[in-house]
Amino acid sequence: MDLSLLQYALGAAAGSLVGFSLGLVGGGGSILAVPLIVYLVGVKEPHLAIGTSALAVAANAALNLITHARHGTIKWKIAGLFAVAGVVGALLGSTLGKAVDGQKLLALFAVLMVVVGILMLRGRRGDGDPDVTLTVGNAPKLVVTGTATGILSGFFGIGGGFLIVPSLMYATRMPIFYAVGSSLVGVTAFGLTTAANYALSGWVDWPLAGVFIGGGLVGGLIGAGLGKTLSTHKGALNTVFATLIFVVAAYMLYRSAGALGMIGG
């Protein structure tokens with residue numbers, strides 16, 4: 001579809017909002033990418049919004065991956081096995097997602113947003129074994145959880161960091177700061193796989209993805225700077241952001257009420 005200059009400007013603004021939220025509160029911010037592209041930018045085709053969002057989220061994760069690699073907070077062998085298993089899942093999930101009616105997909109996406117909001121409110125434990133390595137004991141768990149997470153990531157066109165982080169902690173007992181860094185390997189791989197699959201069907205708007213990514217860089221820098229200042233209020237920030245997610249999800253459910261009825265029928 002052809003977008004106007006105003007829509008591309010709104011795409012940059014949407015990207016900055018997602019980048020800001022990611023920089024401010026960490027994981028979960030990219031869940032806003034699809035609804036922003038659909039309802040703010042005005043992309044009518046949900047599949048195009050999902051494909052474009054997947055590419056933008058993958059690019060954002062790749063940039064953050066560089067930073068975490070420099071700080072040594074990535075368990076590469078563990079993250080690599082998880083990502084390989086997840087890529088297979090993302091390919092399956094994105095193929096299934098392309099076959100689902102767009103409005104039904106948005107309705108299901110709204111339900112997923114509610115789950116994300118609840119997980120953000122629960123918080124996450126920070127303890128674990130910082131010396132954990134890939135072993136015969138944890139490898140099967142990584143393959144199973146990686147595949148399952150990849151399917152969800154591909155189906156909805158999301159990074160899935162909010163699922164990958166607890167999955168890595170469950171499978172290996174690594175601390176959260178290693179799980180966050182290692183999760184970016186999966187987020188990048190899943191996003192690229194989903195975007196490539198959607199691109200084969202013509203469901204990626206490359207210019208929109210470009211301005212979205214550019215806006216995300218600017219917003220991310222601002223959010224990260226503010227996040228350091230407000231780090232002592234992390235719980236309050238998560239509560240505010242989770243509330244925002246619930247509001248957006250409610251609006252999406254309202255707009256997709258007919259599609260939900262079709263799913264139930």
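Residues numbered from 1 in each chain as written. Predicted model: local features only at pLDDT ≥ 70, side-chain atom pairs only at ≥ 80, totals over all residues. Heavy atoms only, no water.

1. Description of the overall build of the protein chain
To keep it simple, the criterion reads: Every helix listed is a DSSP run of H or I at least four residues long, and every strand listed is a run of E at least two residues long, numbered separately from the N terminus. Buried means the residue's accessible area, taken with a 1.4 Å probe over protein chains only, is under 20% of the maximum for its type, while exposed means over 50%, and partly exposed covers the values in between. Any two residues whose heavy atoms approach within 4.5 Å are treated as being in contact. Surface accessibility follows the Shrake-Rupley procedure with a 1.4 Å probe radius. Residue values consider only the protein chains on display as shielding. Only four residue types enter the tally: Lys and Arg on the positive side, Asp and Glu on the negative side; His and the chain ends are excluded. Taken as the charge centre is NZ of Lys, CZ of Arg, CG of Asp or CD of Glu, depending on the residue.
Regarding its fold elements, the protein chain presents 11 helices and 0 strands. Taken along its principal axes, the extent of the C-alpha atoms in the protein chain is 50 × 40 × 30 Å. When burial is assessed residue by residue, the protein chain has 51% of its 265 residues classed as buried. Counting only contacts in the protein chain whose residues sit at least 6 apart along the sequence, the fraction spanning at least 24 positions is 86%. In the structure as shown, the protein chain presents an accessible area of about 11700 Å², 70% of it carried by carbon and sulfur atoms. Distance from the positive charge centre (14 side chains) to the negative charge centre (7 side chains) of the protein chain: 8 Å.

2. A look at the confidence of the model for the protein chain
Let me state the cut-off plainly: What pLDDT conveys is the predictor's confidence in a given residue, as a value from 0 to 100.
Looking at the protein chain as a whole, its pLDDT mean stands at 87, while 92% of the residues score no less than 70. Averaged pLDDT values for the elements of the protein chain fall to 58 in helix 11 (residues 257-264) and rise to 96 in helix 4 (residues 76-99).

3. Considering helix 4
Rules: Expected helix span is computed as 1.5 Å times (number of residues minus one).
With 24 residues, helix 4 should reach 34 Å at 1.5 Å per residue; the first-to-last C-alpha distance of 34 Å fits that figure. Among the residues of helix 4, those classed as buried are Ile 78, Ala 79, Phe 82, Ala 83, Ala 85, Gly 86, Gly 89, Ala 90, Gly 93, Ser 94, Gly 97 and Lys 98. Close packing links the buried residues of helix 4 with helix 3 (46-70), helix 5 (102-122), helix 6 (139-156), helix 7 (161-172) and helix 8 (176-200).

4. Quick look at unusual backbone geometry
Of note in this structure, Arg 173 is not a glycine but carries a positive phi near 65 degrees. Within the secondary structure, Arg 173 is located in the loop between helix 7 and helix 8.

5. A word on the environment of Gly 219
Locating Gly 219 in the fold gives a position in helix 9 (residues 206-229). On the basis of relative accessibility, which here comes to 3%, the residue Gly 219 falls in the buried class. Taking the C-alpha atoms as reference points, Gly 219 and Ala 14, separated by 205 residues in sequence, lie 9.5 Å from one another. When sequence neighbours within four positions are dropped, the list of residues in contact with Gly 219 reads Ser 16, Gly 19 and Phe 20.

6. So, the nonpolar core
Under the convention used in this document: Working definition of a nonpolar core: buried Ala, Val, Leu, Ile, Met, Phe, Trp, Tyr and Cys residues. They are joined through side-chain atoms within 4.5 Å.
Counting residues in hydrophobic clusters, the biggest one holds 45 residues, and the most contacted among them are Ile 31, Leu 32, Val 43, Phe 109 and Met 113. Looking at this core element by element, the count peaks at 8 residues for helix 5. Aside from chain neighbours lying at most four places away, what touches Leu 32 is Val 18, Met 113, Phe 241, Leu 244 and Val 248. Core analysis: the second largest hydrophobic core is formed by 25 residues, Val 57, Val 132, Tyr 178 and Ala 179 among them.

7. Considerations on a nonpolar patch on the surface
Just so we agree on the cut-off: Patch construction takes residues with relative accessible area above 30% that form no salt bridge. Like charges are linked within 9 Å, and nonpolar side chains (Val, Leu, Ile, Met, Phe, Trp, Tyr) are linked within 5 Å. When a carboxyl oxygen of Asp or Glu lies within 4 Å of a side-chain nitrogen of Lys or Arg, that pair is called a salt bridge.
A cluster of nonpolar side chains, contributed by Leu 63, Ile 66, Leu 217, Val 218 and Ile 222, occupies part of the molecular surface with about 440 Å² of accessible area. Listed by contribution, the elements that provide at least two residues to the nonpolar patch are helix 3 and helix 9. A total of 3 residues in the nonpolar patch trace back to one element, the largest contributor, which is helix 9. In this structure, Ile 66 sits in helix 3. The class of Ile 66 is partly exposed, set by a relative accessible area of 45%.

8. A word on the side chain of Ser 94
Summarising the element assignment, Ser 94 is placed in helix 4. Filtering out sequence-adjacent residues up to four positions away, Ser 94 remains in contact with Gly 154, Phe 155, Thr 194, Asn 197 and Tyr 198.

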